[in-house]
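One letter stands for each residue in the lines below.
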Protein chains: 2
Amino acid sequence: MGCREGREFRYKQVIVAREDLGMSPGKLAAQVAHGSLGAAEAARKKHKEWFDAWIKEGGKKVVVRASGEPELMELQAKAKELKLPCELVKDSGLTELLPGTSTVLAVGPAPSELVDKVTGELLLW
Amino acid sequence: MGCREGREFRYKQVIVAREDLGMSPGKLAAQVAHGSLGAAEAARKKHKEWFDAWIKEGGKKVVVRASGEPELMELQAKAKELKLPCELVKDSGLTELLPGTSTVLAVGPAPSELVDKVTGELLLW
């Protein structure tokens with residue numbers, strides 16, 4: 001059955017974050033925001049209609065888990081195959097992580113059913 | 001002494017999140033991303049030069065703590081007084097929180113010293 005939401009959202013953005021890095025909540029949030037902004041910009045440029053519809057609906061964002069870098073790379077490949085706007089964030093390494101560590105992958109905004117083809121099996125944070 | 005950063009950033013965005021709500025890391029991250037995107041849009045419209053310079057520098061984002069709603073409101077008033085782009089996020093209440101609960105305040109992108117006048121005393125998440 002899973003969770004039931006009170007509203008239907010036709011568009012969404014899903015941000016996948018690595019759970020193997022042990023990021024603090026603040027670090028996680030900042031990386032998710034980087035990814036969210038980057039993928040939103042990509043959508044604005046290539047799928048303005050998706051971007052506008054998403055914003056109009058309230059800009060739904062969901063944060064889910066990936067086990068590590070290999071899974072993040074697989075998901076990125078799948079998103080690219082489907083030509084979905086996406087953004088892979090690599091940390092600049094100034095604080096908690098080594099420079100160049102991949103941290104999150106943001107997919108969408110795009111039609112929810114397309115995003116689900118990439119991230120539909122992943123668990124919520 | 002505090003933390004020392006390896007690079008200087010002339011522009012930044014600071015996202016203040018309420019620590020009294022007991023948000024899960026994923027909820028926190030999604031709310032921070034909402035605020036980040038909203039305030040970035042506000043900057044793009046009113047201070048395009050700040051927005052562009054911030055993106056060029058890598059889009060620095062920092063997540064800090066507020067004790068509760070009264071502090072968030074005070075910070076918002078201060079940001080408005082300084083005419084800084086900002087965004088207060090109210091949750092739609094579909095999952096963890098009551099509808100209309102204020103969760104985060106994003107301030108900037110703006111010159112770092114101006115943002116610090118609002119958020120400079122707050123602790124990192």
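Computed from a predicted structure; not experimentally measured.

Procedures and definitions
- Residues numbered from 1 in each chain as written.
- Chains lettered and ligands numbered in written order.
- Predicted model: local features only at pLDDT ≥ 70, side-chain atom pairs only at ≥ 80, totals over all residues.
- Heavy atoms only, no water.
- Pairing = 2+ DSSP bridges.
- Helix = DSSP H or I, 4+ residues; strand = E, 2+ residues; numbered from the N terminus.
- Axes fitted to C-alpha atoms, helices over the stretch in contact; angles between N-to-C directions.
- Contact = heavy atoms within 4.5 Å.
- Least-squares fit on C-alpha atoms with pLDDT ≥ 70 in both.
- Buried area = accessible area lost by both parts, 1.4 Å probe.
- Polar contact = N/O pair within 3.5 Å; in protein donor to acceptor, adjacent residues only side chain to side chain.
- Nonpolar A, V, L, I, M, F, W, Y, C, P; charged D, E, K, R; others polar.
- Parallel < 35°, antiparallel > 145°, perpendicular 65-115°, else oblique.

Engineer: For this particular structure, what's the right way to read the sheet that holds strand β2 (residues 61-66) of chain B?
Structural biologist: Hydrogen bonds between backbone groups are what pair the strands of a sheet, and the pairing can be parallel or antiparallel. All names here are of chain B. Taken together, the 4 strands give an open sheet; going across it, the order is β2-β1-β4-β3, and neighbouring strands pair in mixed fashion. One side of each edge strand has no neighbouring strand; the edge strands of this open sheet are β2 and β3 (86-90). Strand-to-strand twist of the sheet, defined as the mean angle between neighbouring strand axes without regard to direction, takes the value 20 degrees. The sheet contact formed by β3 and strand β4 (residues 102-111) spans 5 bridges and is antiparallel. Opposite C86, over in β4, you have V107 as the bridge partner. Against the sheet, helix α2 (residues 48-57) contacts β1 (11-18), β2 and β4, and its axis sits at roughly 90 degrees relative to β1.

Engineer: I'm lost on the relation of the copies chain A and chain B in this one. Help?
Structural biologist: Between the two copies of the chain lies a rotation about an axis combined with a shift along it. When chain A is fitted to chain B, the best match, at an RMSD of 0.0 Å, comes from turning it 180 degrees and sliding it 0.0 Å along the axis. Accordingly, the operation relating the two chain copies is best matched by a two-fold axis. When the interface residues of chain A are mapped onto chain B, 96% of them again lie at the interface, so the same face is used by both copies.

Engineer: Got a minute to help me understand the interface of chain A and chain B in this structure?
Structural biologist: One frequently used descriptor of interface size is the decrease in accessible area upon assembly of the parts. Counting residues at the interface gives 25 residues for chain A and 25 residues for chain B. Summed over both partners, the interface of chain A with chain B comes to about 2000 Å²; 74% of that surface belongs to carbon and sulfur atoms. On the chain A side of the contact with chain B, L37, K61 and L94 of chain A bury the most area, a combined 28% of that side's loss. Between the two partners, chain A and chain B, sit 4 residue pairs in polar contact (both at pLDDT 80 or more). Of all the elements in the fold, those that place two or more residues in the side of chain A that touches chain B are α1 (25-46), α2 (48-57) and β2 (61-66) of chain A. Top contributing element to the side of chain A that touches chain B by residue count: α1 of chain A, with 13 residues. Residues of the side of chain A that touches chain B, tallied by class, amount to 14 nonpolar, 7 polar and 4 charged.

Engineer: Would you mind showing me how to read the packing of α1 of chain A against α2 of chain A here?
Structural biologist: Packed helix pairs are specified by the crossing angle of their axes together with the interaxial distance, meaning the distance between the axes. Residue and element names in this part refer to chain A. The contact between α1 and α2 brings their axes to 5 Å, and the two run at 125 degrees. Looking at the two axes, α1 sits oblique to α2. Mapping the contact onto sequence places A40, A43, R44 and K46 in α1 and K48, F51 and W54 in α2. Classifying every residue of the contact of α1 with α2 by side-chain character gives 4 nonpolar, no polar and 3 charged.

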